[in-house]
Amino acid sequence: MELQAVLMAAGGGSRMTDLTYNTPKPMLPVGNKPLMWYPLNLLERVGFEEVIVITTREVHKMMSTDPKTKLDIKMKLDVVCIQEDGDMGTADALRHIHQKVKTDILVVSCDLITDVALHEVVDLFRAHNATVAMLMSKAHEFTETVNVPQRDFVGVDQSGKRLLFMANEADLEDGLIVRRSIIRKHPRMHIKTGLVDAHLYCLKKAVVDFLAENKSISSIRGELVPFLVRKQFSKMTSGQKRMDDTETVDQKNDGLTNDDLFFPSRDEALLQLAQERSCWNDHRGDMSEAYHGGKLRCYVHIMDQGLCYRVNTLSAYIEANRMAPKFIEEPAVHPSAVISERFQMGSDSMIGAGCHVADKTSIKRSTIGISTTVKEKVKVTNSIIMHGVTIEEGCNIQGSVICSNAVIGRGADLKYCLVGNGQRIEPEGDTYSNTKKSILLEVSVTFGLV
Amino acid sequence: TACCFFSYYFKEPSFISYVIEGKELTKEEKQRLRKEKKQQKKGKEKKDASLPQVSVAETAAPASQLKAERRARQEAERTSKQSKKGDTGQPATTIVKRLPEHIQVDDPDVLKKLAKKLERQQIPRRLDYGYKVSLFSHLLQYSRKAPLTQQLSIPSAVIHPAIVRLGLQYSQGIVAGSNARSIALLHAFKQVISDYTTPSNEELSRDLVNKLKPYISFLNQCRPLSASMGNAIKYIKKEISNIPSQFKEDDAKKKLLNCIECFIEEKIVLAAKAIAKSSIEKINDGDVILVYGCSSLVNHILCEAFEKGRKFRVIVVDSRPRLEGREALRRLVQKGISCTYVLISAVSYILPEVSKVFLGAHALLANGYVMSRVGTSQIALVAKAFNVPVLVCCETYKFCERVQTDSFVSNELDDPDDLIVTRKGETQLKDWQQVPRLGLLNLVYDVTPPDFVDLVITDLGMIPCTSVPVVLRVKNVDLL
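Just so we're clear, the structure is a prediction, and the values are computed from it rather than from any experiment.

### Points about the overall build of chain B
- Within chain B, the regular secondary structure consists of 15 helices and 12 strands.
- A burial count over chain B gives 48% of its 480 residues as buried.
- Partitioning the contacts of chain B with sequence separation of at least 6, the portion at a separation of at least 24 is 77%.
- Accessible area for chain B stands at about 24,600 Å²; split by element, carbon and sulfur atoms hold 54% of it.

In structure tokens, the structure reads:
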């Protein structure tokens, strides 16, 4: 077997607590399907037959029992439940399932919505015998409200595939320090800041074994990947003095020598012989052999076209809902929805199963969830209505998110609001702002730096 | 699963929704598929929906009954074919030599046969790319941007992961060069053999060979096989079929792995040492040696000679688009040999300085022609005109029984987009496909006639080019 898929669905959604305080993040409806469905669909389309899903007990219960959040996935899902206290990082979760991991793994986060050609990432992993291969995407305008102090600096080589440098601005105190060994080997490095990390990683099995022994690493994105990227350029033997160690960034992990990370593949000597006889080199201009003789290699595939969203903030959630019809091949109006005749629907809207939509309503660029009731003369524009909501007559809802089981009273006029789970809006209610029942939505657009 | 397989294969490959059925069809199911196709041809209607039920019912029938049925049907078909042919059929005694399929791409029947074979083996087919120059329209031309893995499922279930990795490395050029490709191929086969388990009712000697056939087709689709790889595969297949049936699986596997290691050790590593020893006699102090491109064997010879203390300098000739000479230059300069680097267009300018030409070979053909990187015959020609001796270094496992007198009939077309170069921000050939009647030709190999080659240095000794058929004959006698 070549690759095992692991889906991380235990995240809390800490950046969108307004939506996740009642519904766990993997179950949030996007285009009337739970968020988890999108990465699982991606894996299924590509040809995986089983996935290890790491999630919480609550989500597992919802997956199996709640009909509204049913996943139509034909793959075999091996669900591993972990505690919800939030102390377990992604790397800790991998350590937890260490026994189940038999080959190289493909780790996907549950909030990834993308149409990437997955073979691009996996081909990098296969062809160069890489230790880690990941996916990144150029940020689009609405998806990331990137606050300036949290920028990620990603350094790639000239071909744009080899990952040379990765650091988050929060970890850098004095400025961006690049080791001389990197510059010597790759004199031309492109540093990019406007990239979205898709949290999709192909990791060698030896990395998981390494994690099982080194319990200090708890997050894949935050600690493991930067560590591996740094270790690409460490000297091979621990005995040699390091002459160019002037940085303070990676002190904490330097206790481990590179020998621990030398992951030999089967029959290493023969592979080495083949590489020596091959007339290929990944760089030119200096005297070293291919890959500079390094055994640890990290690669990245940067998508510049196509969709890639990480639904971890409110604006990303809204944008994802807008783009959802492109991923789903079902018709926009579910066949079991009961819709009357005199009603207008825009082409970008979606109506879920079991809905009741009455006369003279107008629904534009919105998503209506499962089992929702929309009465007469309602205007819904640019909004997301989740499951089980009741909207009484004459309401006007614009640019809002209405969570599950809410009731909007007659004649309410909501603009850019977020109505929480199970809330009630009084009839004849006007635009709310900053009251306890609704929150003003900030649809701010900040352009990421490229 | 059988009906899914049908419908999945015939749609166009697109990353969004279509994937080749991952599970391997069992032998029974494959036989059933063949039976189905034959019956469909005869006009019987069989609905797809009934297939699963049919398969369930027929698994109960014992294998011998199916075999008997098959044999009876084959007899009937054979007699009907004979009666149809009658007098117009060819007499049975003439031997019709079949051309390999990869050089008959412009013949639609051959393409159909190839497509059928790939479908049977569940290997996706790589599509031709771009306009081909008419003289070479019978050859396949692929684009590096459309790898075969696009049409495979991830994780690959039908093809062993080591073979998928190898195919990718071939098509991207990471493993290039005749020796490197053979070694990498044998390495991948070692992994396949280690991971192999004999299914029940099968013999390892027969089943393993059948298992390897789709892998070889897959590698062929990624990049056409080289002569050295072909010989290595023949050797492996022979070794596998010669495994006595009473061997236990572990012993058989160990023996095979051992055979592979012996092959590499004898035919590649030791052969290189022997060739280096012979060629050092031919390198004198004060020599100016010309090499072309990056041949692992020639580099090895020069490095050994330098270590043994011979004083010489090297001129490395290089050509676009591969520019492999840069890698050769790096390896020689790293050793400390003083080198000069020129492009092939300058070869007649520097030849007056040269005392010897050392060339590597991709294969040596049975009529004495040398098949090597494109440009080699040019260098040999110019060297002959200047009366400079040309020495070709080649291991005996690269000797091939093919006969070729020109570079047109059998060659390899590389990605035409490699010829596009961007200078000062301008790419002139960016839209070459829109220009009518413009074809970009990126040949990989050419053949050098034996008149231009003075000596061939092999691990059997130094032989003239015309003695190659003798070596082949001796080798064949050995194998028997």
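Moving on from the model shown.
### Here we look at the interface of chain B and chain A
- With 45 residues of chain B in contact, the opposing surface of chain A contributes 38 residues.
- Together, the buried faces of chain B and chain A total about 3,700 Å²; carbon and sulfur atoms form 59% of this surface.
- Put simply, chain B and chain A have zero salt bridges between them.
- In this assembly, chain B and chain A are joined by 15 residue pairs in polar contact (both at pLDDT 80 or more).
- Looking at the side of chain B that touches chain A, the elements that each hand over two or more residues are helix 6 (161-172), helix 7 (178-194), helix 10 (249-280) and helix 12 (325-335) of chain B.
- In terms of residues, the side of chain B that touches chain A owes the most to one element, helix 7 of chain B, which gives eight residues.
- Of the residues contributing to the side of chain B that touches chain A, the split by class is 22 nonpolar, 14 polar and nine charged.

### Quick word on the sheet that holds strand 6 (residues 104-109) of chain A
Residue and element names in this part refer to chain A.
- Pairing is mixed across the open sheet formed by seven strands, whose spatial order is 5-4-1-6-12-8-13. The open sheet terminates on both sides in strands that have one partner only, identified here as strand 5 (76-82) and strand 13 (298-303). Along the sheet, successive strands turn relative to each other by an average axial angle of 25 degrees, direction set aside.
- Where strand 6 meets strand 12 (residues 195-203), four bridges bridge the pair, whose relative direction is antiparallel. Paired with Val 108 across the bridge in strand 12 is Leu 200.
- Its contacts with the sheet place helix 2 (residues 37-46) against strand 1 (3-9), strand 4 (50-56), strand 5, strand 6 and strand 12, and it is angled at close to 145 degrees to strand 6.

### What about the UniProt feature "domain: EIF2B subunit epsilon/gamma LbH" (unreviewed entry) in chain A?
- In the UniProt entry, the feature "domain: EIF2B subunit epsilon/gamma LbH" (unreviewed entry) is given for residues 337-427 of chain A.
- Annotation note: span residues 337-427 of chain A, helix share 0%, strand share 41%, distance between end C-alpha atoms 26 Å.

### Describing the side chain of Ser 362 of chain A
Residues and elements named next belong to chain A.
- Considering the arrangement of structural elements, one finds Ser 362 in strand 19 (residues 362-364).
- You can call Ser 362 buried: its relative accessible area is 10%.
- When residues no more than four places from it in sequence are discounted, the contact partners of Ser 362 are Gln 344, Val 378, Lys 379 and Val 380.

### A word on the confidence of the model for chain A
All names here are of chain A.
- Taken as a whole, chain A shows an average pLDDT of 80; of its residues, 84% reach a score of 70 or greater.
- Segment residues 237-259 is flagged for pLDDT under 50; beyond a separation of four residues in sequence, or across chains, it makes 28 contacts in the model.
- Here residues 433-450 is a poorly scored stretch, pLDDT under 50, and it has 37 contacts once near neighbours within four places are set aside; other chains count.

### Here's the deal with the packing of aromatic side chains
All names here are of chain B.
- Taken as a whole, this structure holds seven aromatic pairs over all chains when the rule is applied.
- Between Phe 306 and Phe 312, the aromatic rings sit 6.4 Å apart at their centres with planes inclined by 90 degrees, giving edge-to-face as the arrangement.
- Phe 312 sits in the buried class, given a relative accessible area of 8%.
- Members of the aromatic cluster, each reached through a chain of ring pairs, are Tyr 235, Phe 263 and Tyr 397.

### Topic: the packing of helix 9 (residues 268-277) of chain A against helix 7 of chain B
- Packing of helix 9 of chain A against helix 7 of chain B leaves a shortest axis separation of 8 Å and a crossing angle of 160 degrees. Comparing the axis directions of helix 9 of chain A and helix 7 of chain B gives the class roughly antiparallel. Relative to helix 7 of chain B, helix 9 of chain A is oriented so that their crossing is left-handed. On helix 7 of chain B, the residues touching Leu 270, Leu 271, Leu 273, Ala 274 and Arg 277 of chain A of helix 9 of chain A are Asn 179, Ala 180, Ile 183, Ala 184, His 187 and Lys 190 of chain B.
- Residue composition of the contact of helix 9 of chain A with helix 7 of chain B, by class: seven nonpolar, two polar and two charged.

### Topic: a nonpolar patch on the surface
Residues and elements named next belong to chain B.
- Taken together, the side chains of Leu 135, Phe 408 and Val 409 make up a nonpolar region of the molecular surface, amounting to roughly 270 Å² of accessible area.
- If you trace the backbone, Leu 135 turns up in the loop between helix 5 (108-120) and helix 6.
- The exposure class assigned to Leu 135 is exposed, which follows from its relative accessible area of 53%.

### Considerations on the pairing of strand 6 of chain A
- Of all six residues making up strand 6 of chain A, six are buried, and the element is well covered by its neighbours.
- Judged by which residues are buried, strand 6 of chain A turns out to be covered on both faces: Asp 104, Leu 106 and Val 108 of chain A on one side and Ile 105, Val 107 and Ser 109 of chain A on the other are all buried.

### Description of unusual backbone geometry
- That bond from Ile 154 of chain B to Pro 155 of chain B is cis: its omega, 0 degrees, falls within 30 degrees of zero.
- Here Pro 155 of chain B is to be found in the loop between helix 5 and helix 6.
- With a phi angle near 55 degrees, Lys 360 of chain A is a residue other than glycine that sits in the positive phi range.
- Inspection of the secondary structure assignment puts Lys 360 of chain A in the loop between strand 18 (356-357) and strand 19.
- In this structure, Lys 377 of chain A is a non-glycine residue whose phi angle is positive, near 55 degrees.
- Position of Lys 377 of chain A relative to the elements: it lies in the loop between strand 21 (373-374) and strand 22 (379-381).

### Quick notes on helix 8 (residues 204-222) of chain B
- Between its terminal C-alpha atoms helix 8 of chain B stretches 27 Å, which fits the 27 Å expected from 19 residues at 1.5 Å a residue.
- Most of helix 8 of chain B is tucked away, with 14 of its 19 residues classed as buried.

### Focus on the pairing of strand 12 of chain A
Residue and element names in this part refer to chain A.
- The element strand 12 is largely enclosed, with a buried count of eight among its nine residues.
- Where strand 8 (residues 132-138) lies against strand 12, six bridges are found, and the strand directions are antiparallel. Directly across from Ser 137, in strand 12, lies its bridge partner Val 196.

### Here's the deal with the pattern of salt bridges
- Scanning the model with the defined rule gives 35 salt bridges over all chains in all.
- Of the charged contacts, one joins Glu 319 of chain A and Arg 322 of chain A as a salt bridge, the two residues approaching to 3.5 Å between their closest N and O atoms. Linking Glu 319 of chain A with Arg 322 of chain A, this pair stays in helix 10 (residues 314-323), spanning three residues, or about one helical turn.
- Residue class for Glu 319 of chain A comes out buried when judged on its relative accessible area of 6%.
- The exposure class of Arg 322 of chain A is partly exposed, given its relative accessible area of 35%.
- Here Arg 144 of chain B ties to Asp 418 of chain B by a salt bridge, and the two come within 3.2 Å at their closest N and O atoms.

### Comments concerning the sheet that holds strand 15 (residues 338-339) of chain A
Residues and elements named next belong to chain A.
- Taken in spatial order, the six strands line up as 15-18-21-24-27-30 in an open sheet, and their pairing is parallel. A single partner strand is all that each edge strand has here, and the edge strands are strand 15 and strand 30 (424-425).
- Across two bridges, the pairing between strand 18 and strand 21 is parallel. Residue pairing in the sheet places His 356 in a bridge with Thr 373 of strand 21.

### Considering the environment of His 190 of chain A
Residues and elements named next belong to chain A.
- Mapping His 190 onto the fold places it in strand 11 (residues 190-192).
- The exposure class of His 190 is partly exposed, given its relative accessible area of 40%.
- As a C-alpha pair, His 190 and Ser 159 span 31 residues in sequence and 9.5 Å in three-dimensional space.
- Not counting chain neighbours up to four residues away, the residues in contact with His 190 comprise Val 154, Gly 155, Val 156, Asp 157 and Gln 158.

### Things to note about the confidence of the model for chain B
Residues and elements named next belong to chain B.
- Per-chain confidence: chain B averages 85 in pLDDT, with 86% of residues scoring 70 or above.
- Note that pLDDT drops below 50 for residues 1-22; the model gives that stretch 44 contacts with residues more than four away or on any other chain.
- This stretch, residues 46-60, has a pLDDT under 50; its non-local contacts, to residues over four places away or in other chains, come to nine contacts.
- Our summary of model confidence lists the complex with pTM equal to 0.82 and ipTM equal to 0.84.

Definitions and limits used
- Residues numbered from 1 in each chain as written.
- Chains lettered and ligands numbered in written order.
- Predicted model: local features only at pLDDT ≥ 70, side-chain atom pairs only at ≥ 80, totals over all residues.
- Heavy atoms only, no water.
- Helix = DSSP H or I, 4+ residues; strand = E, 2+ residues; numbered from the N terminus.
- Buried < 20%, exposed > 50% of the residue type's maximum accessible area, 1.4 Å probe, protein only.
- Contact = heavy atoms within 4.5 Å.
- Areas by Shrake-Rupley, 256 points an atom, 1.4 Å probe, with all protein chains shown as cover.
- Buried area = accessible area lost by both parts, 1.4 Å probe.
- Salt bridge = Lys/Arg side-chain N within 4 Å of Asp/Glu carboxyl O.
- Polar contact = N/O pair within 3.5 Å; in protein donor to acceptor, adjacent residues only side chain to side chain.
- Nonpolar A, V, L, I, M, F, W, Y, C, P; charged D, E, K, R; others polar.
- Pairing = 2+ DSSP bridges.
- Axes fitted to C-alpha atoms, helices over the stretch in contact; angles between N-to-C directions.
- UniProt positions renumbered as here; feature names shortened; annotations may be inferred.
- pLDDT = per-residue confidence, 0-100.
- Phe/Tyr/Trp six-rings, centres within 6.5 Å; stacked < 30°, edge-to-face > 60°.
- Parallel < 35°, antiparallel > 145°, perpendicular 65-115°, else oblique.
- Left-handed = near helix turned anticlockwise from the far one by under 90°.
- Patch = residues over 30% accessible without salt bridge, like charges linked within 9 Å, V, L, I, M, F, W, Y side chains within 5 Å.
- Expected span 1.5 Å × (residues − 1).

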